[in-house]
Amino acid sequence: MNPWRSNRILEKLKAIFTQSVAQVAPGKNELRSRADYLCPFPFTGFVIGPQGDITLCCERSYLSMGNIKDIPDLNKFYNGEKMEFFRGMMETKQIDRLERCDLCHLHFQTFKSSHSLTCDTIDPDWFLRKSGRNRPVRYLECTCSNQCNQMCATCNSFFCSRWIEENKKLSSEQRTYFDRPGAPRLHQLSDKDVQKIIVLR
């Protein structure tokens, strides 16, 4: 085939593809264009901590939205009211009213360095959300247990049972960030709860 003609065909196909993508995710970079006041985590997934608590991210590890043992369907939870509350608050530029999110946002505004910049994978879901359709969980951070026989210097009692005992010897000022509020407890996800994660699509 003539190379010039081949390039013209490729350019035409590219234009068709670009138009199709625009119809699915209009404007592209929907979240990146709003990075000054949106965080990608509520729009992509959530975190399941070692105690089974579901949070937006590791920064909000002690601010539970519910426990996995009480949530029968994680997909429905992700597309439900609790998650949508945070999306709505951020979309209306009220991120500064959300505990812990306000400090992360301040960090981003000050240093222009934050998870808020990693927005490229969310654009297709922006249109799905606006049209009232369910989106898949695209990001999941899960720690199935805090039962651990190590005691790493970079860890703490939120993730490690050995540190729970060690922290009893420390003053409240010496305890690590994740130990507040309240003392962590031993926890391990049940087989039933692990199955809820396995079936996520």
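The rules behind the values
Throughout this document, residue positions are counted from 1 along each chain, in the order its sequence is written. Reporting in this predicted model follows two pLDDT cut-offs: at least 70 for local features of residues, and 80 or more for side-chain atom pairs to be given and counted; totals over whole chains, interfaces and linings ignore these cut-offs and use all residues. No hydrogens and no water enter the side-chain calculation; it runs on all heavy atoms of the structure. Pairing of aromatic rings covers Phe, Tyr and Trp, the last counted by its six-membered ring, and requires centre-to-centre distances within 6.5 Å; plane angles under 30 degrees mean stacked, over 60 mean edge-to-face, and any other angle means tilted. The way it works is that DSSP assigns letters per residue, a run of H or I at least four long becomes a helix, a run of E at least two long becomes a strand, and they are numbered from the N terminus. Exposed residues in this analysis have more than 50% of their type's maximum accessible area, buried residues have under 20%, and partly exposed residues fall in between, with area computed by a 1.4 Å probe over protein chains only. In this scheme, the term charge over a ring applies when either NZ of a lysine or CZ of an arginine sits within 6 Å of the ring centre and within 35 degrees of the ring normal. How sure the predictor is of each residue is captured by pLDDT, a score from 0 to 100. Contacts were defined at the residue level, with two residues in contact if any of their heavy atoms lie within 4.5 Å. An axis is simply a line fitted to the C-alpha atoms; with a helix, the fit covers only the stretch in contact. Between two such axes, the angle follows the N-to-C directions and lies from 0 to 180 degrees. Roughly parallel means an angle under 35 degrees; roughly antiparallel, over 145; roughly perpendicular, 65 to 115; everything else is oblique. Three classes are used: nonpolar for Ala, Val, Leu, Ile, Met, Phe, Trp, Tyr, Cys and Pro, charged for Asp, Glu, Lys and Arg, and polar for all others, with Gly counted as polar. Pairs of strands are assigned from DSSP output, requiring at least two bridges between the strands.

I'm lost on the packing of aromatic side chains in this one. Help?
Two numbers describe a pair of aromatic rings. These are the distance of the centres and the angle of the planes. Counted under the stated rule, the structure contains five aromatic pairs. For the pair Phe46 and Tyr78, a centre-to-centre distance of 6.3 Å together with 50° between the ring planes defines the contact as tilted. Here the residue Phe46 occupies a position in strand E1 (residues 45-48), and Tyr78 occupies one in helix H2 (residues 74-78), the gap between them amounting to 32 residues. The exposure class assigned to Tyr78 is buried, which follows from its relative accessible area of 0%. Of the aromatic side chains, those joined through ring pairs into one cluster are Phe46, Phe77 and Tyr78. The ring of Trp126 carries Arg129 above its face, with NZ or CZ at 5.8 Å from the centroid.

When you look at the confidence of the model for the protein chain in this model, what are you seeing that I'm missing?
Atom-level detail of predicted coordinates should not be read off regions where pLDDT is low. On average, residues of the protein chain carry a pLDDT of 76, and 73% of them reach 70 or more. The least confident element of the protein chain is helix H1 (residues 3-24), whose mean pLDDT is 46; the most confident is H2, at 95. Contacts of residues 1-6 to residues separated by more than four positions or lying in other chains number two contacts, the stretch itself having pLDDT below 50. When the criterion is pLDDT under 50, residues 16-27 qualifies, and its contacts beyond four places in sequence or with other chains add up to eight contacts.

I keep staring at the side chain of Arg87 and nothing clicks. Help me out?
With respect to the helices and strands, Arg87 occurs in helix H3 (residues 81-91). The class of Arg87 is buried, set by a relative accessible area of 0%. Residues within four places of Arg87 in sequence aside, it is in contact with Pro42, Phe43, Tyr78, Asn79, Gly80, Arg129 and Arg135.

Would you take a moment to explain the packing of H3 against helix H5 (residues 123-130) for this structure?
The relative placement of two packed helices comes down to the angle between their axes together with the axis-to-axis distance. Close contact between H3 and H5 brings their axes to 14 Å; oriented N to C, the two are set at 105°. Put simply, H3 runs roughly perpendicular to H5. Of the residues in H5, those in contact with Glu84, Arg87, Gly88 and Glu91 of H3 are Trp126, Arg129 and Lys130. Among the residues making up the contact of H3 with H5, the classes are represented as one nonpolar, one polar and five charged.

Would you take a moment to explain the sheet that holds E1 for this structure?
Pairing between the strands of a sheet comes from backbone hydrogen bonds, and it takes one of two forms, parallel or antiparallel. With mixed pairing, three strands are arranged side by side in an open sheet as E2-E1-E3. Each end of this open sheet is capped by a strand with a single partner; those strands are strand E2 (54-55) and strand E3 (139-142). By the bridge criterion, two bridges tie E1 to E2 in an arrangement that is antiparallel. If you follow Ile48 over to E2, its bridge partner there is Ile54.

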